[in-house]
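# Examining the three-dimensional arrangement
Read off the chains here:
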Amino acid sequence: MASGLDLAAERAAHPRGVQAKRPFNFGRWFRATGWRHIVGIIMVAFALLPIVFVISSSLNPKGTLTGSNALFSAIGLDSYIRILTDPQVPYPAWFANTIIIASATAIGTVFLGALAAYSFSRMRFTGRRFGLITIVVVQMFPQLLAVVAIFLLMSAIGDFFPAIGLNTHIGLIMVYLGGALGVNTYLMYGFFNTVPASIDEAAKIDGAGHARIFFTIILRLTAPILAVVALLSFIFSVNEFVVASVLLIDTEKQTLAVGLTKLVSNPRYADWSAFSAGAVMAALPVVALFLFLQKYIVGGLTAGAVK
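Please read these numbers as outputs of a predicted model, since none were measured by experiment.

A word on the packing of aromatic side chains. What the rule picks out here adds up to eight aromatic pairs. Summarising the aromatic geometry, the rings of F120 and F125 are spaced 5.8 Å apart at their centres and angled 45° between planes, so their arrangement reads as tilted. By relative accessible area, which is 39% here, F125 ends up partly exposed. One aromatic cluster in this structure is built from F111, Y118, F214 and F215.

Written out as structure tokens, the structure reads:
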């Protein structure tokens, strides 16, 4: 009788079709998934090391990188206070200039690029194929090759229209828009093609024109690619140095990338601590924008444009 009860208890503990849990085997786990965890940890450490190094340098009260191998050996906010209050370093003006230029460039790139991509995707006109090929070919040449031509062009424009010429934020924004529209237009053109043309045809039957279809339907369905283009354009404008250093002459009108470089351009004394503090604060708007657009970048691209 007891053996029958034991057999019933064993069957209740291990129902038919359910196998008992095997003991943990480190070798089997490592061969299956363990090595992936190790590789992931190494890559995360490799990516975070520069960030940790910059934050440690920004918190170092000394202005040099001497003894920087000892991370967080000295902690203080002297570098942040120094770069924000030094009258010879107009960091708040650089920060404001960068935000204005990057925001205007991102908005203009998204709007103009979306208009061009919609035209190439939905309309058939003479020179359409040639225009697409030209966009791709022009992007093969880096913008650095045209710096001299851009400087002479903006200098000549400034003689007639000083507000959009050399040493103006509007002029720099126009140059950024001209350089970024090509690749972004082609990028959005491919995404616009994924939206079925039947949606446009149904809207046209209801009496909608191209403008209404574009602003009320297409822009909503293509929100993920618009968010990606806006983020990439914003990051490019914040980090761009060569063109900004050539076109912006006055110190108060320069951007963060140009202004912060002056802090470490002196070979006798380079204030790396203040430079790191400025770089940390300059990264905050980019991080905030990425977190704000994350739901469009991640969720939208994985779900699809017309789900």
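From this point, the discussion proceeds with the structure in view.
Looking now at the side chain of S56. Examined against the element boundaries, S56 turns out to sit in helix α2 (residues 26-58). For S56, a relative accessible area of 7% corresponds to the buried category. For S56, the residues in contact, after removing those within four places along its chain, are L71 and F72.

Take the packing of helix α4 (residues 91-122) against helix α7 (residues 169-192) next. In the contact formed by α4 and α7, the axes pass within 7 Å of each other and the chain directions differ by 40°. Relative to α7, the element α4 is oriented oblique. Two packed elements cross with a definite hand, and for α4 against α7 that hand is right-handed. Of the residues that constitute the contact of α4 with α7, the class distribution is 18 nonpolar, nine polar and one charged.

A separate point is a nonpolar patch on the surface. Taken together, the side chains of V44, L48, L49, I51, V52, F53, I55, L71, F72 and I75 make up a nonpolar region of the molecular surface, amounting to roughly 830 Å² of accessible area. As for its placement among the helices and strands, I55 is situated in helix α2.

What follows is about unusual backbone geometry. We note that N167 has phi near 65°; this positive angle belongs to a residue other than glycine. Relative to the helices and strands, N167 is located in the loop between α6 (147-160) and α7. You can call N167 buried: its relative accessible area is 13%.

Definitions and cut-offs
Residues numbered from 1 in each chain as written. Predicted model: local features only at pLDDT ≥ 70, side-chain atom pairs only at ≥ 80, totals over all residues. Heavy atoms only, no water. Phe/Tyr/Trp six-rings, centres within 6.5 Å; stacked < 30°, edge-to-face > 60°. Buried < 20%, exposed > 50% of the residue type's maximum accessible area, 1.4 Å probe, protein only. Helix = DSSP H or I, 4+ residues; strand = E, 2+ residues; numbered from the N terminus. Contact = heavy atoms within 4.5 Å. Axes fitted to C-alpha atoms, helices over the stretch in contact; angles between N-to-C directions. Parallel < 35°, antiparallel > 145°, perpendicular 65-115°, else oblique. Left-handed = near helix turned anticlockwise from the far one by under 90°. Nonpolar A, V, L, I, M, F, W, Y, C, P; charged D, E, K, R; others polar. Patch = residues over 30% accessible without salt bridge, like charges linked within 9 Å, V, L, I, M, F, W, Y side chains within 5 Å. Areas by Shrake-Rupley, 256 points an atom, 1.4 Å probe, with all protein chains shown as cover. Salt bridge = Lys/Arg side-chain N within 4 Å of Asp/Glu carboxyl O.

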